[in-house]
Amino acid sequence: MILPITIYGDKVLHRKARSLKGGDAVDAELIGSMMESMRNASGIGLAAPQVGESLRLLVVDISEVQGYENAEPLVVINPHILAVNGYNSMEEGCLSVPDVRGDVVRPSTIQLKYRDEHFEEHVGEFSGLMARVLQHEIDHLDGTVFVEHLQRRQRRKIQKALDALAGGDVHTSYPVVPPEVSGTDG
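As the structure is a computational prediction, the values presented were derived from the model and not from experiment.

Looking now at the layout of surface pockets. Approximately 460 Å³ is the volume found for the largest pocket. Lining the largest pocket are 24 residues; nearest its centre among them are Ile-44, Glu-92, Gly-93, Cys-94 and Arg-101. Only strand 4 (74-94), strand 5 (97-115) and helix 2 (128-141) provide two or more residues apiece to the lining of the largest pocket. A breakdown of the residues in the lining of the largest pocket according to their chemical character gives 10 nonpolar, eight polar and six charged.

Pasting the structure below:
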């Protein structure tokens, strides 16, 4: 089922998401819907707060990006970055901030501890685009949107667009929930 994407300005995007516990049922339907919604919006990563669920859950699929065709989709629960290495800058965008892009500096390699959809624990090292997408989505779980990482000059250039989005002026090809309508924990 395609879920509407929560838009910039909504409270759920600015709140730290709740960790899932071992006894919590990992909702396979939610995970499947998140994957379907992400792909429908031509995204490569999606965090649960972006569909109105304040949970530490995210999905990534970069296999549509040239050079990453063999990358496997990834479900990440309760991620924790253990170590970082190197830094680089790359332009980012976000399904919750449509038509806004900006250069963000992030670690180029991360070591990540997380649980998968079966709640099995993993520690993995990720670099390149996968590391960037994971960090972008983990930011969502911590209540941070990528525009908060932009330099002041870049932020001033996009402020009108951000204000319009926060005011509900949203035009996308995928379903959304304007900020004045949502804002619950889901």
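Structure's up, so let's keep going.
Counting across every chain of the model gives one aromatic pair. Ring geometry for Tyr-114 and Phe-126: centres 6.3 Å apart, planes at 55°, overall tilted. Residue Tyr-114 is found in strand 5, and its partner Phe-126 is found in strand 6 (residues 121-127); the two are separated by 12 residues along the sequence. The pair Tyr-114 / Phe-126 is uniform in exposure class, with both members buried.

Attention now moves to the side chain of Gln-135. Counting through the fold element by element, Gln-135 comes out in helix 2. Apart from residues lying up to four places away in sequence, Gln-135 is in contact with Ile-81, Arg-106, Pro-107 and Ile-110.

Reading the values: rules and limits
- Counting from 1, residues in each chain are numbered in the order their sequence is written.
- Reporting of local features is limited, given that this is a predicted model, to residues whose pLDDT is at least 70; pairs of side-chain atoms are given and counted only at 80 or more, and all residues count toward the totals for whole chains, interfaces and linings.
- By convention in this description, side-chain values take in all heavy atoms of the structure and omit both hydrogens and water.
- Each cavity reported here is a set of points on a 1 Å grid over the protein atoms alone in which a 1.4 Å probe fits but cannot get out, each pocket an open set with protein on both sides within 12 Å along at least five of seven lines, and each lining residue one with an atom within 4 Å of a point.
- Grid points are joined across faces, edges and corners, and a volume is the space filled by probe spheres set on the points.
- Note on conventions: DSSP H or I runs of at least 4 residues are helices, E runs of at least 2 residues are strands, and numbering of each starts at the N terminus.
- In the scheme used here, Gly and all other residues not listed as nonpolar or charged are polar, with Ala, Val, Leu, Ile, Met, Phe, Trp, Tyr, Cys and Pro taken as nonpolar and Asp, Glu, Lys and Arg as charged.
- Note on aromatic pairs: the rings of Phe, Tyr and Trp (six-membered ring only in Trp) are paired at centre separations within 6.5 Å, and the planes decide the class, stacked below 30 degrees, edge-to-face beyond 60, tilted for the rest.
- Relative accessibility decides the category of a residue: with a 1.4 Å probe and only protein chains considered, values under 20% of the type maximum give buried, values over 50% give exposed, and everything between is partly exposed.
- Between two residues, a contact is recorded if the distance between any of their heavy atoms is within 4.5 Å.

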